[in-house]
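# Summary of structural features
Each chain, written out:
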Amino acid sequence: MLIELPVITRIAAALGVALLISFIATPVVKALAQKMGAVDVPKDGRRMHDHPIPRMGGLAIFFGFLLSTLLFVPMSQSLRGMLLGGVIIVILGMLDDIYALPAMPKLLVQIVAALVAVLHGNVIQVLSNPNIFSSNPYWTLGIWAIPVTVIWIVAITNAVNLIDGLDGLAVGVATISSLTMLVIAMLVSDGLVALMMAALAGGCIGFMPYNLNPAKIFMGDTGSTFLGFILATASIQGLFKFYTIVSFAVPFLMLGLPLFDTCFAILRRVARGQNPMSPDRSHVHHRLIDVGFNQKQAVAILYIISAILGLSAVVLTTSGALKAMALLCALCFAGAIAAKISISHAEKEEEKEVQAVESHDDLRDPSGGSEDGAPGEGAGEQEGD
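Here we summarise the structure given alongside this text. These numbers were taken from a predicted model, which means no experiment stands behind them.

## Structural notes on a nonpolar patch on the surface
A cluster of nonpolar residues, Val87, Ile91, Leu95 and Tyr99, forms a patch on the protein surface that exposes about 380 Å² of accessible area. Residue class for leucine 95 comes out partly exposed when judged on its relative accessible area of 38%.

## Considering helix 11 (residues 284–291)
Since the α-helix turns once every 3.6 residues, residues separated by three or four places project in the same direction. Of all the residues in helix 11, the buried ones are His285, His286, Leu288 and Ile289. Along helix 11, the residues classed as buried sweep out an arc of 160° about the axis, all on the same side.

## Topic: the packing of aromatic side chains
Going through the model one piece at a time under the given rule, you end up with five aromatic pairs. A ring pair is formed by phenylalanine 62 and phenylalanine 63, whose centres lie 5.8 Å apart and whose planes are at 45°; its orientation type is tilted. Take phenylalanine 62: its relative accessible area is 9%, and that puts it in the buried class. Given the relative accessible area of 34%, phenylalanine 63 is considered partly exposed. Taken together, a centroid distance of 5.7 Å and an interplanar angle of 70° make the contact between phenylalanine 65 and phenylalanine 226 edge-to-face.

## Things to note about unusual backbone geometry
Note the cis peptide between asparagine 213 and proline 214, where omega equals -5°. Its place among the elements puts proline 214 in the loop between helix 7 (191–211) and helix 8 (220–238). Non-glycine residue methionine 56 carries a positive phi angle of around 75°. Looking at the element boundaries, methionine 56 is found in the loop between strand 2 (53–54) and helix 2 (58–72). Overall, the relative accessible area of 0% leaves methionine 56 in the buried class. Even without glycine at this site, serine 189 takes up a positive phi of about 60°. With respect to the element layout, serine 189 can be found in the loop between helix 6 (169–187) and helix 7.

## Side note on the packing of helix 6 against helix 8
Packing of helix 6 against helix 8 leaves a shortest axis separation of 11 Å and a crossing angle of 15°. With respect to each other, helix 6 and helix 8 are oriented roughly parallel. You can see that helix 6 and helix 8 cross each other, and the crossing is left-handed. Taking contact as the criterion, the partners of Val171, Ala174, Ser177, Ser178 and Met181 in helix 6 are, on helix 8, Leu227, Leu231, Ala234 and Ser235. Of the residues in the contact of helix 6 with helix 8, the class split is six nonpolar, three polar and no charged.

## Here we look at the pattern of salt bridges
For the structure on display, the rule yields three salt bridges. The closest approach of N and O atoms between arginine 55 and aspartate 40, which form a salt bridge, is 3.4 Å. On the criterion of sequence distance, the pair formed by arginine 55 in the loop between strand 2 and helix 2 and aspartate 40 in strand 1 (residues 39–40) is long-range, its members being 15 residues apart. With respect to burial, arginine 55 and aspartate 40 carry one shared label: buried. Lysine 106 is paired through a salt bridge with aspartate 96; the nearest N and O atoms lie 3.1 Å apart. Of this pair, lysine 106 sits in helix 4 (residues 103–119) while aspartate 96 sits in helix 3 (residues 77–99), and the two are 10 residues apart along the sequence. The two residues lysine 106 and aspartate 96 agree in class, both being buried. Here the salt bridges do not stand alone but share partners, grouping Asp96, Lys106 and Asp221 into one network.

What counts as what
Residues numbered from 1 in each chain as written. Predicted model: local features only at pLDDT ≥ 70, side-chain atom pairs only at ≥ 80, totals over all residues. Heavy atoms only, no water. Patch = residues over 30% accessible without salt bridge, like charges linked within 9 Å, V, L, I, M, F, W, Y side chains within 5 Å. Areas by Shrake-Rupley, 256 points an atom, 1.4 Å probe, with all protein chains shown as cover. Salt bridge = Lys/Arg side-chain N within 4 Å of Asp/Glu carboxyl O. Buried < 20%, exposed > 50% of the residue type's maximum accessible area, 1.4 Å probe, protein only. Helix = DSSP H or I, 4+ residues; strand = E, 2+ residues; numbered from the N terminus. Arc of directions from axis to C-beta. Phe/Tyr/Trp six-rings, centres within 6.5 Å; stacked < 30°, edge-to-face > 60°. Axes fitted to C-alpha atoms, helices over the stretch in contact; angles between N-to-C directions. Parallel < 35°, antiparallel > 145°, perpendicular 65-115°, else oblique. Left-handed = near helix turned anticlockwise from the far one by under 90°. Contact = heavy atoms within 4.5 Å. Nonpolar A, V, L, I, M, F, W, Y, C, P; charged D, E, K, R; others polar.

From the geometry alone we can't say anything about function, so treat these as descriptive.
Below, the structure written as structure tokens:
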């Protein structure tokens, strides 16, 4: 049974208020970031921009979410723990955006923030058993409940942070994930989680016009880690809590893109003998750029993948595993064909550009030589650079 109409009205109001606050606050946060020195200067190959851009924009998302939540969501112990932990994460993110903190101290503070949420009641107590052949349909975590919950919160917090590599990517994926959880919460009649996810989605949507390519401001660690923390904590209240209704796979589908990218990044770095926390330029969004897509195309592809996973999570909740698997396979097949067509189109466009440049050069110098030297001399010098 779906949520009653008055609650749906409150959900729309929570989304709208968060959107408005975030949209209005972002220019103010941008000026504050410039004044405090929270500016991202491109200094390595991982950066996709070529000029300094203010970060710390996630503060606007935080304000939108916080004020909307306080207005529309009844205060409870678990919500209080989530908000307190979120404040810790935001303060840590602001310091990191200004001073670029080392990885280990950040990890320790994230664990503290996760423990604050856990000790206020945000704990994964029971999981649905993914083994359909088992006689026991549920897993009771017992003494492992707190460690597993802390690992989940910290993992998702960092997973969303790691995909924040292209304009609008992390905020868009977080919007899709929060809307997915909003729909699932409505399906299981969990109005409180639906209101929280509406507030989070609204904060993200209000910030998005400033963050889409070409970005005027980045959300920074302030925003990406906050979004990951809230999504992880809310999933404990809205997904893991309904283990008799919501499958074990649903949270992993909903957050599939950042989880996959993080797991792949850790395995890749360990295989190369690197520190798992060391940054590199081999994330899924970097690979799409290297294939030949521009930023807007790469972000659109990842939006589609995230939306497919989110839709599969919703179908899994409403129609069962078989239909969700069929839908996922069909959409992945269609996505693969679309990607192949897009790649072929990009290659053809690139060939046309190369041919146009060569034709232009031939018109300028039909003999193939140069004014100051032998044919090909200038090209060899450029290649040496």
